[in-house]
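These are the residues of each chain, in order.
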Amino acid sequence: MHTVWKGAISFGLVHVPVKMFSATEDKDISLRYIHKECGSPLSYVRKCPVCDKEVAWEEIGKGYEYEKGKFITFDKEELDQLTEESTKNITILDFVDLTEIDPMYFQKTYYLSPDQAGTNAYRLLMEAMRLTGKIGIAKISIRSKSSLAAIRVLEECLAIETIYYPDEIRPVSQVPNLPEAAAVNDKELDMAKILISQLSTPFEPGKYTDDYRQRMLDLISHKIAGEEFHIVPVRQESNVIDLMAALQASIEAVQHIPSDPGTVTAPKSRKAAAGGAKKAATKSKKDTAEAPVITPKPKRRSAKSKETVS
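The model shown is predicted, which means the values in this text are computed figures rather than measured ones.

Each value, and the rule that gives it
- Residues numbered from 1 in each chain as written.
- Predicted model: local features only at pLDDT ≥ 70, side-chain atom pairs only at ≥ 80, totals over all residues.
- Heavy atoms only, no water.
- Buried < 20%, exposed > 50% of the residue type's maximum accessible area, 1.4 Å probe, protein only.
- Helix = DSSP H or I, 4+ residues; strand = E, 2+ residues; numbered from the N terminus.
- Pairing = 2+ DSSP bridges.
- Salt bridge = Lys/Arg side-chain N within 4 Å of Asp/Glu carboxyl O.
- Axes fitted to C-alpha atoms, helices over the stretch in contact; angles between N-to-C directions.
- Contact = heavy atoms within 4.5 Å.
- Core = buried A, V, L, I, M, F, W, Y, C linked by side-chain atoms within 4.5 Å.
- Expected span 1.5 Å × (residues − 1).
- Arc of directions from axis to C-beta.
- Phe/Tyr/Trp six-rings, centres within 6.5 Å; stacked < 30°, edge-to-face > 60°.
- Lys NZ or Arg CZ within 6 Å of the ring centre and 35° of its normal.

Quick look at the pairing of strand β9 (residues 135-142)
Phase 1: Counting buried positions over the eight residues of β9 gives seven, a clear majority of the element.
Phase 2: Bridge analysis of strand β7 (residues 89-96) against β9 gives five bridges, and the strand direction is antiparallel. When the sheet's bridge partners are listed, F95 is paired in β9 with G136.
Phase 3: Bridge analysis of β9 against strand β10 (residues 145-154) gives seven bridges, and the strand direction is antiparallel. By the bridge assignment, G136 is partnered in β10 with I151.
Phase 4: A loop of two residues connects β9 with β10, the two strands running antiparallel in sequence, and R143 in this loop sits at a positive phi of about 50 degrees.

Considering the pattern of salt bridges
Phase 1: Per the stated rule, a full pass over the model turns up 10 salt bridges.
Phase 2: One connected set of salt bridges, linked through shared partners, spans R123, E127, R130 and E156.

Regarding the sheet that holds strand β11 (residues 157-163)
Through backbone hydrogen bonds, the strands of a sheet pair up, either in parallel or in antiparallel fashion.
Phase 1: The sheet built from seven strands closes into a barrel, its strands ordered β1-β2-β8-β11-β10-β9-β7 with mixed pairing. Ignoring strand direction, the axes of neighbouring strands in this sheet form an average angle of 40 degrees.
Phase 2: Bridging between strand β1 (residues 3-11) and β7 involves three bridges; their strand directions are parallel. Within the sheet, the bridge partner assigned to S10 lies in β7 and is T91.
Phase 3: Taken strand by strand, helix α2 (residues 119-132) contacts β1, β2 (14-22), β7, β8 (106-114), β9, β10 and β11, and its axis lies near 70 degrees from that of β11.

Side note on the nonpolar core
Phase 1: In terms of nonpolar packing, the biggest core is built from 22 residues, with I9, I90, L112, I151, L158 and I160 touching the most fellow members.
Phase 2: Those elements that provide at least two residues to this core are β1, β2, β7, β8, α2, β9, β10 and β11.
Phase 3: In this structure, V96, I101, A150 and I163 belong to the second largest nonpolar core, which totals seven residues.

Overview of α2
It helps to recall that an α-helix has 3.6 residues per turn; residues three or four apart then point in one direction.
Phase 1: An ideal rise of 1.5 Å per residue puts 20 Å on 14 residues; α2 measures up with 20 Å between its terminal C-alpha atoms.
Phase 2: Within α2, the full set of buried residues consists of A121, Y122, L125, M126 and M129. For α2, the arc enclosing every buried residue in end-on projection is 130 degrees, short of the 170-degree limit, so these residues lie on one face. Away from the buried face of α2 by more than 90 degrees, exposed residues N120, L124 and L131 are located.
Phase 3: Where α2 ends, the next residue or the one after it, G133, has phi of about 70 degrees, a positive value.

Considerations on the packing of aromatic side chains
Phase 1: Enumeration according to the criterion identifies two aromatic pairs in this entry.
Phase 2: Their ring planes at 90 degrees and their centres at 6.4 Å tell us that F11 and F95 sit as a pair that is edge-to-face. Within this pair, whereas F11 is found in strand β1, its partner F95 is found in strand β7, the two being separated by 84 residues in sequence.
Phase 3: Residue F95 is classed as partly exposed on the basis of its relative accessible area, which comes to 37%.
Phase 4: A centroid spacing of 6.1 Å and a plane angle of 20 degrees characterise the contact between F203 and Y208, whose relative ring orientation is stacked.
Phase 5: Above the face of the Y110 ring, K108 is positioned so that its terminal group lies 5.7 Å from the ring centre.

What follows is the structure, encoded as structure tokens:
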């Protein structure tokens, strides 16, 4: 793993030298902009619209637009002075319960390992937090960005998760078109609770996959191999049924849900639950939603140089 930060955790007068490593990785497939005429990738050009010329990195500074078209500029030394004191310390301010933090506050997770002669202090902090069941709320500055952070024990490692400041969270009152408080139908509520109960299971992250990324990788493989591809569009159900019937059909369909959560199969009894007879139930099978499938069709093509997809 690549070290992204070095410093120390401090709580009280105790300092724990640590190194920080990113705990997650972005696996999104990056696509480049290509000139259709010649197939060449387009480059990013830093061009000044006033001087009408390309600008080198050493000629680039930073500025703040305080009015439309008006900027104040900063030297690198000025910006470094703002973060010089805070970049080497993770200062724990409080210890709290993890359940008190709403998930919307969390940003990115990092791993912390002991650095230099900090193993004993690292182990002490980890065991104390494990036994008390508390997590530490700290301040940290990464790449000149100041953040709150939550330090917690993860297996035999300390993990730190950057979290938003309260004023960075938009209030719920700004969300448009929220329904007004009103009583719900008791029978529908009971059915919804039954459905939730039947779909409840321990969280197993390993069984969830990024279906879009896998289809994109398949598509890339087919195109590299010179094969044609065909995507079968998802058939949308056009029938509209009432909420109670949908709940009932969903509960019945739980018995037929496949083990792979990425595969979606429409319940066979949905039409019947909407007032159906045998004919309606038969039609619902035709309306079964199918996930997009890439069907490659081999195409003769002369061998070309191998390409690497990154």
